[in-house]
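Chain residues, written in single-letter form:
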Amino acid sequence: MRSSFGPYRTVAVVTALLLILLPGILGAQLRSITAFTDYSLATGKRMNVETASAVGGGTQVRFGLSEEFAVGFSLGYKLYSLSQKDQLTAWNWDFWNNRYSITIRSNILADPNLSVQVGSVQKIDMVPAALTADHTLALSDDLHLISSLSAGAVFFSRRMFIVETWTKRFPAADHVFTYSYRNFAPNKKGSVLLASPGVTARYRLFESAELTAGARFTQYFIVDGLVGSQEFPFDNDINLTIGLDFAY
């Protein structure tokens, strides 16, 4: 059985190798490590997605090539919440489409005192990993503006569950019994490529610490050769970040 943590393990190994090899390959020195949190909003949606937004965070490591130019690597995590038109049917879950939904309708028709409310919740776990090149413009001694361009990949896992709330009425006893539970659909996993221009402002708080705030536009590329790529539900998103940078 293939481990569900395979893509995450691959990203961790690649990250470690880059952190070890980049300084030597580029003749660069470690410049900063940034821990950040972010909010994302999908803009170019696919597959009848109606809304999609995420919270997340990550780490970026930068190596200086000169006073103005730097390269680096970022690794993060995003949890997207999204709604998709007719998402239960669109999931193509054979158990639901061919069996369970029919069973529900049969039970309702057979018992007039039985009713149900069926809803669904969809999430996406995303692990973006990217190489970054940036340029720093000094606006003052303490305030810098950094323009950057990143390229990499996103490993994702879409998951969905059904929330069923059943109500059974007992007219003779004047009693109503209600209960609910969840049914989990099979996950949809895959990866897509990304390219992302962005701009970040950095303000020096202390000698070795800076507050950062930035915005980024990310374009995702659906590639047939990547497993599960066609299951990715949007083309691009806008990302806002706040972080704390530790300079070296």
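Parameters and conventions
Residues numbered from 1 in each chain as written. Predicted model: local features only at pLDDT ≥ 70, side-chain atom pairs only at ≥ 80, totals over all residues. Heavy atoms only, no water. Helix = DSSP H or I, 4+ residues; strand = E, 2+ residues; numbered from the N terminus. Buried < 20%, exposed > 50% of the residue type's maximum accessible area, 1.4 Å probe, protein only. Contact = heavy atoms within 4.5 Å. Areas by Shrake-Rupley, 256 points an atom, 1.4 Å probe, with all protein chains shown as cover. Core = buried A, V, L, I, M, F, W, Y, C linked by side-chain atoms within 4.5 Å.

Novice: Please provide a residue-by-residue account of the overall build of the chain, values included.
Specialist: Helix and strand counts for the chain come out as three helices and nine strands. The order of helices and strands in the chain, counted from the N terminus, is α-β-β-β-α-α-β-β-β-β-β-β. Counting all 248 residues of the chain, 38% fall into the buried class. If you take every contact in the chain between residues at least 6 apart in sequence, the share linking residues at least 24 apart comes to 71%. Working note: accessible area of the chain is about 13700 Å², and carbon and sulfur atoms make up 62% of it.

Novice: Residues and numbers for the nonpolar core, please.
Specialist: Residues Tyr80, Met126, Tyr220 and Phe234 are the most contacted members of the largest nonpolar core, which totals 16 residues. Secondary structure elements with two or more residues in this core: strand S2 (49-64), strand S3 (69-84), strand S4 (114-138), strand S5 (143-170) and strand S7 (188-206). Sequence-distant contacts of Phe234, that is, excluding residues within four places in its chain, are made with Ala42, Gly44, Lys45, Arg46, Ala52, Tyr80, Ile124, Met126 and Tyr220. With eleven residues, the next largest nonpolar core counts Trp93, Ile104, Leu114 and Trp166 among its residues.

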